[in-house]
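Spelled out, the chains give:
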Number of protein chains: 2
Amino acid sequence: MKVAETFAECRSLTEGSIGLVPTLGYLHEGHLDLMSRAKVGNDQVMASLFVNPLQFDEVADFDAYPRQFERDARLMKQAGVDILFAPSVEEMYPIEPVTRVVVGGLTESMEGAHRPGHFAGVATVVTKLLAGLQPDRAYFGKKDAQQLAMVIRLTVDLSLPVEIVPCSTIRESDGLALSSRNIRIPAGDRDRAARVSKGLFAAAELAASGERDGQVLERAALEYLIGIDVEYVALAERATAQRLATLDRPAFLATAVRIGGVRLIDNVWLEPNGTSDRGTLLRSTSILYEGVN
Amino acid sequence: MKVAETFAECRSLTEGSIGLVPTLGYLHEGHLDLMSRAKVGNDQVMASLFVNPLQFDEVADFDAYPRQFERDARLMKQAGVDILFAPSVEEMYPIEPVTRVVVGGLTESMEGAHRPGHFAGVATVVTKLLAGLQPDRAYFGKKDAQQLAMVIRLTVDLSLPVEIVPCSTIRESDGLALSSRNIRIPAGDRDRAARVSKGLFAAAELAASGERDGQVLERAALEYLIGIDVEYVALAERATAQRLATLDRPAFLATAVRIGGVRLIDNVWLEPNGTSDRGTLLRSTSILYEGVN
């Protein structure tokens, strides 16, 4: 695996088709799954590692974000990554950036409503990575469904010659969607955190049995969240991230909650025929907890 | 010369280094100069021809914009263009675009203040062309100095791997900066239109003789514009397009006026040592007027 610290060096290392996996580091099995998919579909896998200050709406969240370069580089190498792009802040932002990529419409509800500036920060850095690294494909997790809708839309709107490949959510054995933030959930709150996915799965079961009413599906998930600080539960159209009254097109049922001081998001992808993608459960403890008491 | 109607076809035609000249068509010697510079600096010259609805703040201006594909294609071929990118509206905007590239700070004064939405439209379509066509260099006229500052900044901020090459303004023999809009200036208003560049040149002379005070330079240009509808005359820093009180760094002195119902912009580039780039005068009548009357 080669490590490149500049866009130019990174581009100079590429041969054949390139699959990019953008990350903020502190990898878990969700990232490794994206890399293995990129490995299958391309001649070379490129992964980026950059904790982007632009997309953190809370300074405390940015500061608390775990940074473990050696660990991440080792995991990437094991996962078959050919090129690791690990830019400095100076390479990413040689001067104070004044340009923002703003995706209207898709980014105002749900995550956009609760994290001001977050999506413009993500859209801008994703545009930088796609325009500056010129991959053929880029791999994103379905867990960030609204972000995924935004990324797909911006590649169309900005004519970026890249295919965005959505990949299923990977979950811990109790159903909790993998996130680098999971290590911050207090042990006593784990059971409550696991209820998030249980509620979404219950709603997916209801859809499988024929239910198409958005409010009924949302309420089915909400029932599992009693006593939890819920920011939203929403059925949304997959392409536009707009609230959906009826499951009559590709959609996702998404939620955001705060448990033990940690903000968690999760979703299930629902099809109008009632089938769903609920993600994949790990059979063992996540690598997130290696070295954590 | 090959003509491509899609981004993908255009990219497939490239060999070696590519110099891009983006145009809205109805070419004049200013465009041809950009193409000859692109010819010298690259293996292949690509030109784009698209009248971008996103950047017209006035529908009447968009509708009135002259469209003459056969003429423009002939001129491009003569200028040595290898690949002409002539996309349909459907190729540029397969769905209603909701993404905008917004460059803060540089776009609020001068043109930005007088043409709401214009710069976001230009920034967005330029990003599409640079990201989608992946040229090595792109050629822009110094006449649109604020636009040029914005384009240079957005390529840095979005990590676009392209070099922006500013090229001197080409002027008609009476000094009027070439613009496709010049053909709409009523004959009786030509003398007044020619006063615009005379005022800028007078200010440049003053700078050459040692004057550095921004207001004095602006007033020198304004003296020539008595009786003309002036939107602004401003000395601005070249990199940031911010108003400059003193000519103590690379700058441009820019103006926008309305004459005979036509909006005209012009500028001279000034260095802190008093030298200037006032552009180049044509010796004969511009090709703009071939076939007019």
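Note that the structure is predicted; figures quoted are calculated from it, not measured.

The rules behind each value
- Residues numbered from 1 in each chain as written.
- Chains lettered and ligands numbered in written order.
- Predicted model: local features only at pLDDT ≥ 70, side-chain atom pairs only at ≥ 80, totals over all residues.
- Helix = DSSP H or I, 4+ residues; strand = E, 2+ residues; numbered from the N terminus.
- Rg over C-alpha atoms; globule rule 2.2 N^0.38 Å.
- Buried ≥ 20, exposed ≤ 12 C-beta atoms within 10 Å, placed from the backbone.
- Contact = placed C-beta atoms within 7 Å.
- Pairing = 2+ DSSP bridges.
- Axes fitted to C-alpha atoms, helices over the stretch in contact; angles between N-to-C directions.
- Nonpolar A, V, L, I, M, F, W, Y, C, P; charged D, E, K, R; others polar.
- Least-squares fit on C-alpha atoms with pLDDT ≥ 70 in both.
- Left-handed = near helix turned anticlockwise from the far one by under 90°.
- Parallel < 35°, antiparallel > 145°, perpendicular 65-115°, else oblique.
- Expected span 1.5 Å × (residues − 1).
- Domains from an automatic or database assignment.

Here we come to the overall build of chain A. Broken down by element type, chain A carries 10 helices and 13 strands. What you see for chain A is a C-alpha radius of gyration of 19 Å, in line with the 19 Å of a compact globule of 293 residues. Viewed in the frame of its principal axes, chain A has a C-alpha envelope of about 50 × 45 × 35 Å. For chain A, with 293 residues in total, the buried portion stands at 46%. Sequence-distant contacts, at least 24 apart, represent 71% of the contacts inside chain A between residues at least 6 apart.

All names here are of chain B. Pairing within the open sheet is antiparallel, and its four strands lie in the order β9-β10-β11-β12. Since the sheet does not close on itself, it has two edges, and those belong to β9 (229-237) and β12 (276-277), each with one partner. Where strand β10 (residues 251-259) lies against strand β11 (residues 262-270), nine bridges are found, and the strand directions are antiparallel. Pairing of Ala251 across the sheet is with Leu270, part of β11.

Residue and element names in this part refer to chain A. Overall, parallel pairing links the six strands, which are arranged β1-β4-β3-β2-β6-β7 in an open sheet. Here the strands that pair on one side only, and so sit at the sheet edges, are β1 (2-4) and β7 (163-167). Sheet twist, expressed as the average angle between the axes of neighbouring strands with direction ignored, equals 25°. Two strands pair when backbone bridges link them, and strand β2 (residues 18-23) and strand β6 (residues 137-141) are joined in this way by two bridges, in the parallel orientation.

For the rest of this paragraph, the subject is the interface of chain B and chain A. Taken together, the contact pairs 27 residues of chain B with 27 residues of chain A. Of all elements in the fold, only α1 (7-12), β5 (99-103), α7 (118-133) and α8 (145-157) of chain B reach the threshold of two or more residues within the side of chain B that touches chain A. Here the side of chain B that touches chain A takes five residues from β5(B), the largest share from any one element. Looking at the side of chain B that touches chain A residue by residue, the class counts come to 15 nonpolar, seven polar and five charged. The sheet contact formed by strand β5 (residues 99-103) of chain A and β5(B) spans five bridges and is antiparallel. Within β5(B), the residue paired with A:Arg100 across the bridge is B:Val102.

Okay, the relation of the copies chain B and chain A next. Overlaying chain B with chain A gives an RMSD of 0.0 Å, the required rotation being 180° about an axis along which the chain moves by 0.0 Å. Taken together, these values place the two copies in the relation of a two-fold axis. Relative to the rotation axis, the closest C-alpha in chain B is found at B:Val101, a distance of 2.3 Å. An overlap of 100% is found between the interface residues of chain B and their copies at the interface of chain A, pointing to a shared contact surface.

Glancing now at the environment of A:Arg74. Positionally, A:Arg74 belongs in helix α4 (residues 69-78). Between the C-alpha atom of A:Arg74 and that of A:Ala207, which follows or precedes it by 133 residues, the distance is 41 Å.

Residues and elements named next belong to chain B. Where helix α9 (residues 190-208) contacts helix α10 (residues 214-222), the axes come no closer than 7 Å and their chain directions differ by 145°. Handedness of the α9/α10 crossing: right-handed. In this structure, α9 contributes Gly199, Leu200, Ala202, Ala203, Leu206 and Ala207 to the contact, and α10 contributes Val216, Leu217, Ala220, Ala221 and Leu222. When grouped by side-chain class, the residues that make up the contact of α9 with α10 number 10 nonpolar, one polar and no charged.

Here we take up the packing of α7(B) against α8(B). Residue and element names in this part refer to chain B. Contact geometry of α7 with α8 gives a least axis separation of 10 Å together with a crossing angle of 50°. Our classification of the angle between α7 and α8 gives oblique. For α7 against α8, the interelement crossing comes out right-handed. Touching Phe119, Val122, Ala123, Val126, Thr127 and Leu130 of α7 are Gln147, Met150, Val151, Leu154 and Thr155, all from α8. A class-by-class count of the residues in the contact of α7 with α8 yields eight nonpolar, three polar and no charged.

Turning our eyes to something else, we now look at α9(B). In an α-helix, one turn spans 3.6 residues; hence positions three or four apart end up facing the same way. All names here are of chain B. Its 19 residues give α9 an end-to-end C-alpha distance of 28 Å, which sits within 8% of 27 Å, the value for a rise of 1.5 Å per residue. Considered for burial, the residues of α9 that qualify are Ala193, Arg195, Val196, Ser197, Gly199, Leu200, Ala203, Ala204, Leu206 and Ala207. Looking at the buried side of α9, the elements it contacts are β8 (170-171), α10, β10, β11 and β12. Immediately beyond the C-terminal end of α9, within one or two residues, lies Gly210, with a positive phi of roughly 115°.

Before going further, it helps to spend a moment on the domain arrangement of chain A. Residues and elements named next belong to chain A. Here chain A is partitioned into domain 1 (2-167) and domain 2 (180-289). Between domain 1 and domain 2, the C-alpha centre-to-centre distance is 24 Å. Counting residues at the interface gives 15 residues for domain 1, matched by 22 residues for domain 2. Mapped by element, the contributors of at least two residues to the side of domain 1 that touches domain 2 are α6 (110-114) and α8 (145-157). The residue makeup of the side of domain 1 that touches domain 2, split by class, is six nonpolar, five polar and four charged.

We now examine the environment of A:Ile226. Mapped onto the fold, A:Ile226 is located in the loop between α10 (214-222) and β9 (229-237). Each C-alpha atom of the pair A:Ile226 and A:Arg195 lies 9.5 Å from the other, and the pair is 31 residues apart in sequence.

Looking now at the environment of A:Gly227. Structurally, the position occupied by A:Gly227 is in the loop between α10 and β9. Considered as a pair, A:Gly227 and A:Arg192 are 35 residues apart in the sequence and their alpha carbons are 8.8 Å apart.

For A:Gln134, which is not glycine, the phi dihedral falls at a positive 50°. With respect to the helices and strands, A:Gln134 occurs in the loop between α7 (118-133) and β6. Since 20 C-beta atoms lie within 10 Å of it, A:Gln134 is described here as buried. Residues other than glycine seldom take positive phi values, yet B:Met110 does so here, at roughly 45°. For B:Met110, the position within the fold is in helix α6 (residues 110-114).

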